[in-house]
Amino acid sequence: MPNPFEAVWNMLKVGVDSADEPTAPLNIIEAGDCWKYMTMVENFLRYEETGMNTSTDDEIREMLNDVIKVCESQAERLSKFMKQEGIPLPDVTSAKPVSNPNEIPLGVKLTDDEIANGIAFKMVLCAQHCAKGQADAIRYDIGMLWLQFFSEWVTFGATLKALMRKRGWLKVPPYYYTPGSPQEST
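Chemist: Would you take a moment to explain the overall build of the protein chain for this structure?
Modeler: If you tally the helices and strands in the protein chain, you get 5 helices and 0 strands. Out of the 186 residues in the protein chain, the part that is buried amounts to 38%. Sequence-distant contacts in the protein chain: of pairs separated by 6 or more residues, those separated by 24 or more amount to 83%. On the protein chain, roughly 11,500 Å² of surface is accessible, and the fraction owed to carbon and sulfur atoms is 59%.

Structural data, given as structure tokens:
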């Protein structure tokens, strides 16, 4: 699926690449945002691995594979950036071993609905942190990295929402009717 923000990304990148601005050290907030996000993405990966170990649904497994690719790619790029900048990497939990979903007891196994909604919740948290990181960024390079990560979440989120809507898993708050407006009776 083409990234809807690619044209904007390329335009901004040209402006940044042509800027003759010296690179200052990261400030403490920029470094902290990187460290927190790396921790979030690594923990998100553990959740996704748990989902892969519990679901037998082909669409859920495909969605999990897609989000794992997003997280692994972001973790790799952010890790490289952090190492270049001298930011220590967080101590994260190890990858989950692969297990057979059919051997997990039903009381322990996550349902496909729980997996999808858990992914949606974690995706929103990651997107919010990317927006915060971008707003906190003084340096162009880290600001662009946050923008790129955010656009990847927006793209993935559209696919996830379509799957959740199709399956009836999208959690919709109660509708709001202004006082005096006509309502459908239930």
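Structure shown, so let's carry the discussion forward.
Chemist: Just checking my understanding: could you explain helix α2 (residues 28-54) for this structure?
Modeler: In this model, α2 (27 residues) spans 39 Å end to end at C-alpha, consistent with the 39 Å of a helix rising 1.5 Å per residue. The distance from a side-chain oxygen at the start of α2 to the backbone nitrogen of I29 is 2.9 Å, and the residue carrying that oxygen is N27.

Chemist: Please explain helix α4 (residues 112-136) as it appears in this structure.
Modeler: When the terminal C-alpha atoms of α4 are compared, their 36 Å separation across 25 residues agrees well with the 36 Å that a helix rising 1.5 Å per residue should span. Regarding α4, the residues found buried are I115, A116, N117, G118, I119, A120, M123, C126, A127, H129, C130 and G133. Summarising the contacts, the buried residues of α4 are in contact with α2, α3 (58-85) and α5 (140-167).

Chemist: How do you make sense of a nonpolar patch on the surface when you look at a structure like this?
Modeler: Among the surface-exposed residues, V172, Y175 and Y177 lie close enough to one another that they form a single nonpolar patch of about 360 Å² accessible area. Looking at V172, the relative accessible area reads 52%, which means it is exposed.

Chemist: Would you mind showing me how to read the pattern of salt bridges here?
Modeler: Opposite charge on two side chains allows them to pair when their charged atoms are near. Using the criterion set out here, one finds 12 salt bridges in the structure. For D57, the salt bridge is made with R167, and the minimal N-O distance between the two is 2.9 Å. Residue D57 is found in the loop between α2 and α3, and its partner R167 is found in helix α5; the two are separated by 110 residues along the sequence. Overall, the relative accessible area of 27% leaves R167 in the partly exposed class. Note that E59 is salt-bridged to K166, the shortest N-O span being 2.4 Å. In this pair, E59 is assigned in helix α3 and K166 in helix α5, connecting sequence segments 107 residues apart.

Chemist: How do you make sense of the state of the cysteines when you look at a structure like this?
Modeler: One way to say it: the disulfide is the covalent bond shared by the sulfur atoms of two cysteines. Inspection of every chain in the model, using the stated rule, returns 0 disulfides. Left unpaired, C71 is separated from the closest cysteine sulfur, that of C126, by 5.9 Å. A relative accessible area of 0% means that C71 is categorised as buried.

Rules behind the numbers
Residues numbered from 1 in each chain as written. Predicted model: local features only at pLDDT ≥ 70, side-chain atom pairs only at ≥ 80, totals over all residues. Heavy atoms only, no water. Helix = DSSP H or I, 4+ residues; strand = E, 2+ residues; numbered from the N terminus. Buried < 20%, exposed > 50% of the residue type's maximum accessible area, 1.4 Å probe, protein only. Contact = heavy atoms within 4.5 Å. Areas by Shrake-Rupley, 256 points an atom, 1.4 Å probe, with all protein chains shown as cover. Expected span 1.5 Å × (residues − 1). Polar contact = N/O pair within 3.5 Å; in protein donor to acceptor, adjacent residues only side chain to side chain. Patch = residues over 30% accessible without salt bridge, like charges linked within 9 Å, V, L, I, M, F, W, Y side chains within 5 Å. Salt bridge = Lys/Arg side-chain N within 4 Å of Asp/Glu carboxyl O. Disulfide = S-S within 2.5 Å.

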